[in-house]
Amino acid sequence: MDMNSFSPMMPTSPLSMINQIKFEDEPDLKDLFITVDEPESHVTTIETFITYRIITKTSRGEFDSSEFEVRRRYQDFLWLKGKLEEAHPTLIIPPLPEKFIVKGMVERFNDDFIETRRKALHKFLNRIADHPTLTFNEDFKVFLTAQAWELSSHKKQGPGLLSRMGQTVRAVALSMRGVKSRPEEFMEMNNFIEVFSQKINLIDKISQRIYKEEREYSDEMKEYGPIHILWSASEEDLVDTLKGIASCIDKCSKATEKRMSGLSEALLPVVHEYVLYSEMLMGVMKRRDQIQAELDSKVEALTYKKADTDLLTEEIGKLEDKVECANNALKADWERWRHNMQNDIKSAFTDMAEENIQYYEQTN
């Protein structure tokens, strides 16, 4: 597939985007509201970790109360993500932020890192809450409502270590076997994911590089402004000129900081989230292929009569239903994900452009 054949429908400039994009008002049907806030550091003799307060407000009848408040650490979010993937292998689960931030950006557990992670965890939970299927997952409900000891007890109810190891070995064997003939529509999805992954990773790298260069430029200007003010004190004939240069440098520094703010708050988090989404999508396609590979292996065994025919026929019938359900779930979620992706990326560029335009209108 030609790399240029994929387009997330992004105009070439933010200004043209503002003129082209119109967002449709959607009816407010939410009945589950989640807030992640108040990060808190915990230090023990074994480890140091951060917990976040999660407040849930709902009008759903299946909840015992209309409001809940719990504290969760990052490992709890990882557990929830794993349970959602286990229960819904071909649904597109929202990504979590990485366990550790990119080296060289910020130190672990400093204020910037904690706030960045808090925002990402808030978005993770609210994307699940807005999903038509995931929002009703029982483990999600337990995550939002159970106290720490109750959640710990609930986690222990899952399959044991040997069972999980068996499932992993089986999944690896099926992935090694591969799929004989992937349906055309899923071939197209896979091709889209590969191209999308390449392009969104490239956008992410370029955006990060621009932000780094802007930050270095801003740091230099913050040094040059005061230098020209000091210089003007020793050059009577150049006082006005040097102070004018210092004023110009100060304006440029503030404009650069505004651009950096737009990048770091509006664009970078969205772009990086979809880098993580591209990895999630590859995992979804792999799990779909594993389900189909399991069906293919049973059909092949029946063809060569390698086992009890009646038993295989029954197993094949169940696997055919499983494959159909998995395919239908992925197809429905795929269209929903693409729609959200296009809107999110458009909105990120639009918000950043509008902020810059408002700033320049106010300062000029």
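That block above? That's the structure.
Residues numbered from 1 in each chain as written. Predicted model: local features only at pLDDT ≥ 70, side-chain atom pairs only at ≥ 80, totals over all residues. Heavy atoms only, no water.

Attention now moves to the nonpolar core. Formed by 32 residues in total, the largest nonpolar core has its most connected members in Ile 34, Ile 54, Phe 77, Leu 80, Leu 125, Phe 140 and Phe 143. Element by element, the count of residues in this core is highest for helix H3 (residues 111-130), at seven residues. Once you skip the residues sitting within four places of it in the chain, Ile 34 turns out to touch Ile 54, Ile 55, Thr 56, His 122, Leu 125, Asn 126, Ala 129, Phe 140 and Leu 144. Of all hydrophobic cores here, the second largest spans 29 residues; its members include Phe 192, Ala 266, Trp 337 and Ala 348. (Core = buried A, V, L, I, M, F, W, Y, C linked by side-chain atoms within 4.5 Å. Buried < 20%, exposed > 50% of the residue type's maximum accessible area, 1.4 Å probe, protein only. Helix = DSSP H or I, 4+ residues; strand = E, 2+ residues; numbered from the N terminus. Contact = heavy atoms within 4.5 Å.)

One pass over the full model with this rule turns up 20 salt bridges. A salt bridge links Lys 331 to Glu 185; the nearest nitrogen and oxygen atoms lie 3.7 Å apart. Of the two residues, Lys 331 is situated in helix H9 (residues 309-363) and Glu 185 in helix H7 (residues 184-233); the sequence distance between them amounts to 146 residues. The exposure class of Glu 185 is partly exposed, given its relative accessible area of 38%. (Salt bridge = Lys/Arg side-chain N within 4 Å of Asp/Glu carboxyl O.)

Strand order in the open sheet made by the three strands is E1-E2-E3, with antiparallel pairing throughout. Looking along the sheet, the strands with just one partner apiece sit at the ends: strand E1 (32-43) and strand E3 (67-73). Each strand of the sheet is rotated relative to its neighbour by a mean of 20 degrees, with strand direction disregarded. Where strand E2 (residues 48-58) and E3 come together, seven bridges link them in antiparallel fashion. Of the residues in E3, the one forming a bridge with Ile 54 is Val 70. Strands E1, E2 and E3 of the sheet are contacted by helix H4 (residues 138-145), whose axis makes an angle of about 90 degrees with E3. (Pairing = 2+ DSSP bridges. Axes fitted to C-alpha atoms, helices over the stretch in contact; angles between N-to-C directions.)

Positionally, Phe 186 belongs in helix H7. Phe 186 gets classed as buried once you look at its relative accessible area, which sits at 1%. Through-space distance from the C-alpha of Phe 186 to that of Met 285 is 8.2 Å; in sequence the pair is 99 residues apart.

Now for H3. The first and last C-alpha atoms of H3 sit 29 Å apart over 20 residues, in line with the 28 Å expected at 1.5 Å per residue. Its buried side turned inward, H3 meets E1, E2, helix H2 (74-87), H4, helix H8 (239-303) and H9. (Expected span 1.5 Å × (residues − 1).)

A few words on the packing of aromatic side chains. Tallying each qualifying case throughout the model produces ten aromatic pairs. Between Tyr 277 and Trp 337 the ring centres are 6.0 Å apart and the planes differ by 65 degrees, which places this aromatic pair in the edge-to-face class. One end of the pair, Tyr 277, is in helix H8; the other, Trp 337, is in helix H9, and 60 residues separate them in sequence. Ring pairs connect the aromatic residues Phe 192, Phe 196, Tyr 274, Tyr 277, Trp 334 and Trp 337, which therefore count as one cluster. A cation over an aromatic ring shows up here: Arg 72 above the ring of Phe 143, its NZ or CZ 5.4 Å from the ring centre. Directly above the ring of Phe 49 sits Arg 73, whose terminal nitrogen or CZ lies 3.9 Å from the centroid. (Phe/Tyr/Trp six-rings, centres within 6.5 Å; stacked < 30°, edge-to-face > 60°. Lys NZ or Arg CZ within 6 Å of the ring centre and 35° of its normal.)

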